[in-house]
Amino acid sequence: MLAPSLSIAPPMLRFALLLAATVVLAACGSTGGSLSSMFNDGRSAYVQKNELTPKDSVHVMQGRIYRGMPIEHALAALGPPNSQDTTTTEEGVRVEYLYRSRPNAFDPGNVPRAYVYAVERKVTDWTGLEKIPRFDAYYEGGM
């Protein structure tokens, strides 16, 4: 009597494991747990919570910045920087925000850096944003 039940159990066990794996994968896919959706949720909450101009709200939602943009909106668009450095110049208080990419396995010593500069709480310039993979639509040049 044991032999027939053992021959039936493995296919049923395989089916149960396959069903469980399918349910788990479907649940993960439906929650939108990707990094980009997490940023978009934070951006959306920021736009809803603050009074932004239409131009700024579009830029924040798209993860883009422009010269003259309030730095709070730019940080909401790009995410938090890795560090910042503040200096006082003739123009006023200048803040340099540093963004770093994660090292990759192929070249762990090469960690691209990008900088966003602000004077008197307005974005004045940026460098190297194209080197950071998460900034696929990062700025509007010439504005």
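As the structure is a computational prediction, the values presented were derived from the model and not from experiment.

## Remarks on the confidence of the model for the protein
Now for step 1: Taken as a whole, the protein shows an average pLDDT of 77; of its residues, 65% reach a score of 70 or greater.
Now for step 2: Looking across the protein, the model is least confident in helix α1 (residues 2-31), with a mean pLDDT of 54, and most confident in strand β4 (residues 122-127), with 96.
Now for step 3: The model gives residues 25-38 a pLDDT under 50, and that stretch makes two contacts with residues more than four places away or in other chains.

## Describing the sheet that holds strand β2 (residues 92-100)
Now for step 1: Taken in spatial order, the four strands line up as β1-β2-β3-β4 in an open sheet, and their pairing is antiparallel. Two strands bound the open sheet, and with one partner strand each, they are β1 (83-89) and β4. For this sheet, the mean inter-axis angle between neighbouring strands, taken without regard to orientation, is 20 degrees.
Now for step 2: Here β2 pairs with strand β3 (residues 113-119) via seven bridges, running antiparallel. Its bridge partner lying in β3, Tyr 97 is registered against Val 116.
Now for step 3: The sheet strands contacting helix α4 (residues 71-78) are β2, β3 and β4, and the helix crosses β2 at an angle near 0 degrees.

## A look at the pattern of salt bridges
Now for step 1: As enumerated under the stated definition, the model contains two salt bridges in all.
Now for step 2: With a closest N to O distance of 2.5 Å, Glu 72 and Arg 121 form a salt bridge. Of this pair, Glu 72 sits in helix α4 while Arg 121 is found in the loop between β3 and β4, placing the two residues 49 residues apart along the sequence.
Now for step 3: When its relative accessible area of 34% is taken as the criterion, Glu 72 is described as partly exposed.

Parameters and conventions
- Residues numbered from 1 in each chain as written.
- Predicted model: local features only at pLDDT ≥ 70, side-chain atom pairs only at ≥ 80, totals over all residues.
- Heavy atoms only, no water.
- pLDDT = per-residue confidence, 0-100.
- Helix = DSSP H or I, 4+ residues; strand = E, 2+ residues; numbered from the N terminus.
- Contact = heavy atoms within 4.5 Å.
- Pairing = 2+ DSSP bridges.
- Axes fitted to C-alpha atoms, helices over the stretch in contact; angles between N-to-C directions.
- Salt bridge = Lys/Arg side-chain N within 4 Å of Asp/Glu carboxyl O.
- Buried < 20%, exposed > 50% of the residue type's maximum accessible area, 1.4 Å probe, protein only.

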